[in-house]
Amino acid sequence: MIIEPKVREFICTTAHPEGCRENIKQQIAYVKAQNINKCPKKVLIIGASTGYGLASRITAGFGCQADTIGVFFEKPSNGKRTATPGWYNTVAFEEEAKKAGIYAKSINGDAFSEEIKEKTIHLIKQDWGKVDMVIYSLAAPRRTDKDGNLWVSSLKTTKESFTEKSLDLRNNTIVEKTVDPAELEEIQGTIKVMGGEDWLEWIEALKKANAIEEDAYTVAYSYIGPELTYPIYFDGTIGQAKRHLENTAKIIKEKFPKLQAYVSVNKALVTQASAAIPIVPLYFAILYKIMKEAGNHEGCIQQISRLFKEKLFEEEVPVDEKGRIRMDDWELSEKVQKKVVEAWKEVTTENVTEISDIEGYWEDFYQMFGFYVPEVDYEKDVDIECSIPSIEH
Ligand code: NAI
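None of these values were measured; they are calculated from a predicted model.

A. Structural detail: the pairing of strand β5 (residues 104–108). Relative to β5, strand β4 (residues 67–72) runs parallel, the two sharing 5 bridges. By the bridge assignment for β5, glycine 70 is matched with serine 106. In the classification by handedness, the crossover that spans β4, the intervening helix α3 (residues 85–100) and the parallel β5 is right-handed.

Structure representation (structure tokens):
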């Protein structure tokens, strides 16, 4: 089949297996060149198929020769529709791991459920005995908790309505967008889905099953961002959930003092999860331009390999006053943010292509789905049905 991108605002409903494969190969080549080599060797990644979780899996697997088990929620092809990009990413990851003699197995299903937790723990006990690192990188729209309650995450403010410039992703124009305040239930829902409760449940389940080393590492990813986006992010529903996640690191440490539990605050990057946040894509496009000009722009793989190489496994882990690792250090530097504020004031539909890196935004967006990858021949017929080697059908 010849596959073309089908984009609807912030989502692409098709994915290209060869483009996804090429992305994986490039990320592998990048981490191999970094000489990281100092991370645990049995790593469980929850949310392992795209974005930061995928980069974490590649960094552990190919940067540190770690065995990895990846948990995620992806759809295979049904013969007519393509699979989701995370499916194709994992096919390629496992195939490359096999070639390199690196253990890699995957579990596709709802990480919030007890069933998937049990299945994962069973696999860990059977193949490894214990994990020595758990990376929690879920970004989900909803969660059914263990009592059967459905919680939905929302991207709203928590105080008054917020109106700001925004990039209309349908036609690249600058418009004004208003984000409404959330109801209490929506705030609670977002905390339930994107907060730390499920991270803690994973750690407790692993502990209970004696499937985690006493001094294992665990890390979850957070975001803060600039003041400009505070009303929609840091002070919004998602920010409340992130504070809950950050607090969960403390709870994990209190409950299991020997565990090394951290939250890493990462840089803003285009991923399937972040592209859906209102107002934020314009910030991405402006930020990309400024950081690329400054020579310190990073993608997920650069962020995570720097996290592994320079922060997480240091004798003294560098943390801020709240105990968080700050991978957003370059993004939030005064120099970068001063330029962001200036560009934000100036940006209009007429000058958006000069003032922001809108091309870079879309390049990242399409590449996430395996498109616009220069090395791939998109005229070539490809098979859209492929299996993840470790997943039985
Ligand atoms: P993403 O959308 O690329 O990845 C989400 C992952 O979660 C995928 O592997 C997906 O399959 C998995 N997933 C979703 N629902 C699931 C479920 N019910 N069961 C099992 N797996 C499920 O997202 P991204 O951006 O990599 O986000 C990961 C974490 O990083 C999130 O906590 C996010 O807030 C955080 N973060 C993201 C930033 C960004 O700008 N993209 C910046 C800083 C932190």
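B. A look at the packing of aromatic side chains. Per the stated rule, a full pass over the model turns up 16 aromatic pairs. Judged by centre distance (5.8 Å) and plane angle (55°), the rings of tyrosine 52 and tyrosine 221 are tilted. Of this pair, tyrosine 52 sits in helix α2 (residues 51–64) while tyrosine 221 sits in strand β11 (residues 212–222), placing them 169 residues apart in sequence. Taking the centre distance of 5.3 Å and the plane angle of 90° together, the rings of tyrosine 361 and tryptophan 362 count as edge-to-face. Taken together, the aromatic side chains of Phe284, Tyr361, Trp362, Phe365, Tyr366, Phe369 and Tyr372 make up a single cluster linked through ring pairs. Positioned above the aromatic ring of phenylalanine 234, the side-chain terminus of arginine 243 is 4.1 Å from the ring centre. Sitting over the ring of tyrosine 262, lysine 253 keeps its end group 4.9 Å from the ring centre.

C. The arrangement of the site of the ligand in detail. Taken together, 30 residues are adjacent to the ligand, and Ser49, Tyr52, Ala111, Lys242 and Thr271 come closest. Here glycine 109 contributes a backbone N or O atom positioned 3.3 Å from a nitrogen atom of the ligand. At a separation of 2.8 Å, an oxygen atom of the ligand approaches a polar backbone atom of leucine 269. Look at the ligand: alone it shows 840 Å² of surface, and the protein chains cover 93% of it. Here the shell around the ligand is composed, by residue class, of 15 nonpolar, 11 polar and 4 charged.

D. Quick look at the side chain of threonine 68. With respect to the helices and strands, the residue threonine 68 is situated in strand β4. On the basis of relative accessibility, which here comes to 0%, the residue threonine 68 falls in the buried class. Once residues within four sequence positions are removed from consideration, threonine 68 is found in contact with Val43, Ile45, Arg57, Ala60, Gly61, Phe93, Tyr103, Ala104, Lys105 and Trp128.

E. Main features of the nonpolar core. Counting 132 residues, the largest nonpolar core has Leu44 and Phe308 as its most contacted members. At 10 residues, helix α8 (residues 280–294) tops the list of elements feeding residues into this core. Among all residues touching phenylalanine 308, those that are not within four sequence positions of it are Ile36, Lys38, Cys39, Ser56, Thr59, Ala60, Cys64, Met133, Ile135 and Phe313.

F. Just the pattern of salt bridges, in detail. Counted by the stated rule, this structure contains 28 salt bridges. We note a salt bridge from arginine 21 to glutamate 18, for which the minimum N-O separation is 3.8 Å. Here arginine 21 pairs with glutamate 18, and both are found in helix α1 (residues 17–32), just 3 residues apart, close to one helical turn. On the basis of relative accessible area, arginine 21 is assigned to the buried category, the value being 19%. Glutamate 18 sits in the partly exposed class, given a relative accessible area of 34%. Between lysine 156 and glutamate 186 there is a salt bridge; the shortest N-O distance is 2.9 Å. With lysine 156 in the loop between β8 (150–152) and β9 (162–168) and glutamate 186 in helix α5 (residues 184–194), this pair connects stretches of sequence that are 30 residues apart. According to the relative accessible area criterion, lysine 156 is partly exposed, its value standing at 25%. With relative accessibility at 21%, the residue glutamate 186 sits in the partly exposed group. Through salt bridges that share partners, Lys117, Arg143, Lys146, Lys192, Glu197, Asp198 and Glu201 make up one connected network.

Cut-off values and rules
- Residues numbered from 1 in each chain as written.
- Predicted model: local features only at pLDDT ≥ 70, side-chain atom pairs only at ≥ 80, totals over all residues.
- Heavy atoms only, no water.
- Pairing = 2+ DSSP bridges.
- Helix = DSSP H or I, 4+ residues; strand = E, 2+ residues; numbered from the N terminus.
- Right-handed = clockwise from strand over helix to strand, strands pointing away.
- Phe/Tyr/Trp six-rings, centres within 6.5 Å; stacked < 30°, edge-to-face > 60°.
- Lys NZ or Arg CZ within 6 Å of the ring centre and 35° of its normal.
- Near = heavy atom within 4 Å.
- Polar contact = N/O pair within 3.5 Å; in protein donor to acceptor, adjacent residues only side chain to side chain.
- Areas by Shrake-Rupley, 256 points an atom, 1.4 Å probe, with all protein chains shown as cover.
- Nonpolar A, V, L, I, M, F, W, Y, C, P; charged D, E, K, R; others polar.
- Buried < 20%, exposed > 50% of the residue type's maximum accessible area, 1.4 Å probe, protein only.
- Contact = heavy atoms within 4.5 Å.
- Core = buried A, V, L, I, M, F, W, Y, C linked by side-chain atoms within 4.5 Å.
- Salt bridge = Lys/Arg side-chain N within 4 Å of Asp/Glu carboxyl O.

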